[in-house]
Amino acid sequence: MSSATAIAHPNIALVKYWGKRDAALNLPAVGSISITLDTLATTTSVQFDSDLDRDTLSLDGQSSETSLGRVSACLDLLRARAGVDTRAAVSTSNNFPTGAGLASSASGFAALVTAADAALSLDLPPQTRSILARQGSGSAARSIFGGYVEMHLGKASDGSDCFAEPLLDAPDWPMTVTVAVVSKTSKKVGSTEGMELTRHTSPYYDAWVAGQSADLDEARSAIEARDFDKLAEISEHSCLKMHALAAAARPGLVYLQGPTLEAMHRVRALRASGCGVFFTIDAGPQLKAISLPEHRGQVTSALADIDGVVEILQSGLGEGARVV
Ligand code: DP6
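Draft legend 1. Just the domain arrangement of the chain, in detail. In terms of domains, the chain is made up of domain 1 (2–171) and domain 2 (176–315). Taking only C-alpha atoms into account, the centre of domain 1 sits 23 Å from that of domain 2. Listed per partner, the contact involves 32 residues of domain 1 and 46 residues of domain 2. Carbon and sulfur atoms supply 68% of the area that domain 1 and domain 2 bury against each other, a total of about 3,200 Å² over both sides. With its nearest N and O atoms 2.6 Å apart, the salt bridge here joins K16 to D282. Our count for the domain 1 to domain 2 interface comes out at twelve residue pairs in polar contact (both at pLDDT 80 or more). At the level of secondary structure, the elements contributing two or more residues to the side of domain 1 that touches domain 2 comprise β2 (11–15), β3 (20–22), β5 (32–36), β10 (148–151) and β11 (164–168). Among the elements that line the side of domain 1 that touches domain 2, the one with the most residues is β2, at four residues. Here the residues of the side of domain 1 that touches domain 2 sort into 19 nonpolar, seven polar and six charged.

Structural data, given as structure tokens:
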């Protein structure tokens with residue numbers, strides 16, 4: 001028996017990933033840029049045990065058959081590298097709501113790959129773990145690293161150059177992320193399914209793919225220059241563009257809810273009054289307000305009293321996936 005435990009944090013994309021160029025290898029159609037959080041975390045233990053005849057998965061203390069297929073497929077990639085066939089018991093817990101647009105698949109697969117790598121004594125470099133995590137979930141490739149992270153589009157058809165890399169460490173430009181939680185129920189159309197529907201039916205898809213490289217350049221240079229206003233502008237643009245793209249699919253995907261829209265307006269009003277804050281929203285109704293740490297108090301009070309905001313979560317920027 002061999003086991004290891006790893007911790008990984010969700011990441012929030014500022015320049016969004018939406019769409020795949022190869023669904024089987026889970027290769028994205030666009031690169032992306034994200035920030036890795038610190039207080040929100042997934043802790044995953046993997047125990048390879050020759051007495052097991054199948055993999056098992058416990059998620060927040062409950063046996064989970066729904067996610068087991070994806071978890072097993074990811075473990076198969078690591079087993080193949082180690083040249084073993086041993087099944088594993090995986091136990092994972094999140095300290096935040098699962099499946100509601102808070103990137104639990106990102107921290108989940110980053111923690112899974114990191115724990116399995118250690119349990120099998122593979123000692124794979126972070127770049128390789130990023131490639132393996134990507135095959136579990138595209139955004140997970142970014143949670144291998146901390147701080148500001150870029151996911152490369154890559155060119156190779158086998159995905160060997162499709163991994164994430166750090167752009168800037170968390171302490172080099174501290175930020176606070178305030179999450180206005182609007183709903184804790186899992187989303188109806190998950191990212192994987194939503195992206196494929198968008199790719200096949202949204203009339204804006206080609207324009208989305210074509211515009212991504214300019215957005216990435218703009219965000220990368222804003223991060224390099226620590227230019228908050230520039231990062232705010234490009235991040236909100238990428239977020240709104242992704243939601244417009246998905247809303248134009250057939251049937252249209254509408255992830256925003258009433259309180260999300262109210263929160264968007266409040267964030268913009270705060271920014272107009274001189275507060276360093278902008279919003280981003282993923283495939284769910286939660287709004288994430290990214291602010292300079294000195295403005296966190298103002299942001300919290302503006303979001304907390306919105307009707308329909310059920311909880312406020314707060315986080316700084318943190319480290320990549322690691323064994324604990
Ligand atoms: C809106 O990484 O969850 O959060 O690769 O199909 O697992 P799969 O998708 P996933 O999609 C994330 C979409 C997003 C934007 C982003 O994180 O870049």
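Structure's up, so let's keep going.
Draft legend 2. Representation of helix α1 (residues 68–82) within the structure. Its 15 residues place the ends of α1 21 Å apart at the C-alpha level, agreeing with the 21 Å of an ideal helix rising 1.5 Å per residue. For α1, every residue scored as buried is listed here: L68, V71, S72, C74, L75, L78 and R79. The buried residues of α1 occupy an angular sector of 165° when projected down its axis, which confines them to one face. Buried residues in α1 make contact with β6 (42–48), β7 (56–59), β9 (88–94), α2 (104–119) and α3 (126–136). Immediately downstream of α1, the backbone of G83 shows phi near 70°, a positive value.

Draft legend 3. Local environment of the sheet that holds strand β16 (residues 322–323). Spatial strand order, β8-β7-β9-β6-β1-β16: six strands in an open sheet with mixed pairing. Each edge of the sheet is formed by a strand with only one pairing partner; in this case those strands are β8 (62–63) and β16. Bridge analysis of strand β1 (residues 2–8) against β6 gives seven bridges, and the strand direction is antiparallel. By the bridge assignment, S2 is partnered in β6 with F48. Packed onto the sheet, α1 meets β6, β7 and β9 and runs at close to 120° relative to β9.

Draft legend 4. Summary view of the sheet that holds strand β12 (residues 176–181). Taken in spatial order, the four strands of this open sheet run β13-β14-β12-β15, and their pairing is antiparallel. Each of the sheet's edge strands pairs with one partner strand only, and the pair in question is β13 (277–280) and β15 (311–315). With direction set aside, neighbouring strand axes in the sheet form an average angle of 25°. Here β12 runs beside strand β14 (residues 287–291); their pairing, made up of five bridges, is antiparallel. Looking at β14, one finds that T176 is bridged to S291. Contacts from helix α8 (residues 258–272) reach β13 and β14 within the one sheet, and its direction differs from that of β13 by about 155°.

Draft legend 5. A look at the pattern of salt bridges. The full count for this structure, using the stated rule, is 16 salt bridges. The closest approach of N and O atoms between E65 and R54, which form a salt bridge, is 3.2 Å. Of this pair, E65 sits in the loop between β8 and α1 while R54 is found in the loop between β6 and β7, placing the two residues eleven residues apart along the sequence. When salt bridges that share partners are traced, they join D55, D76, R79, D85 and R87 into one network.

Draft legend 6. Examining the site of the ligand more closely. Near the ligand, the surroundings consist of 18 residues, among which K20, S137, G138, S139 and T192 are the closest. Between the ligand and R142, the relevant distance is 2.7 Å, taken from an oxygen atom to a side-chain nitrogen or oxygen of the residue. At 3.4 Å, a side-chain N or O of S191 approaches an oxygen atom of the ligand. Within the complex, 94% of the 460 Å² of free accessible area of the ligand lies under protein. Residue contributions to the shell around the ligand peak at three residues, all from helix α5 (residues 191–201). Each residue belonging to the shell around the ligand can be placed in one class, and the counts come to six nonpolar, seven polar and five charged.

Criteria and cut-off values
- Residues numbered from 1 in each chain as written.
- Predicted model: local features only at pLDDT ≥ 70, side-chain atom pairs only at ≥ 80, totals over all residues.
- Heavy atoms only, no water.
- Domains from an automatic or database assignment.
- Contact = heavy atoms within 4.5 Å.
- Buried area = accessible area lost by both parts, 1.4 Å probe.
- Salt bridge = Lys/Arg side-chain N within 4 Å of Asp/Glu carboxyl O.
- Polar contact = N/O pair within 3.5 Å; in protein donor to acceptor, adjacent residues only side chain to side chain.
- Helix = DSSP H or I, 4+ residues; strand = E, 2+ residues; numbered from the N terminus.
- Nonpolar A, V, L, I, M, F, W, Y, C, P; charged D, E, K, R; others polar.
- Expected span 1.5 Å × (residues − 1).
- Buried < 20%, exposed > 50% of the residue type's maximum accessible area, 1.4 Å probe, protein only.
- Arc of directions from axis to C-beta.
- Pairing = 2+ DSSP bridges.
- Axes fitted to C-alpha atoms, helices over the stretch in contact; angles between N-to-C directions.
- Near = heavy atom within 4 Å.
- Areas by Shrake-Rupley, 256 points an atom, 1.4 Å probe, with all protein chains shown as cover.

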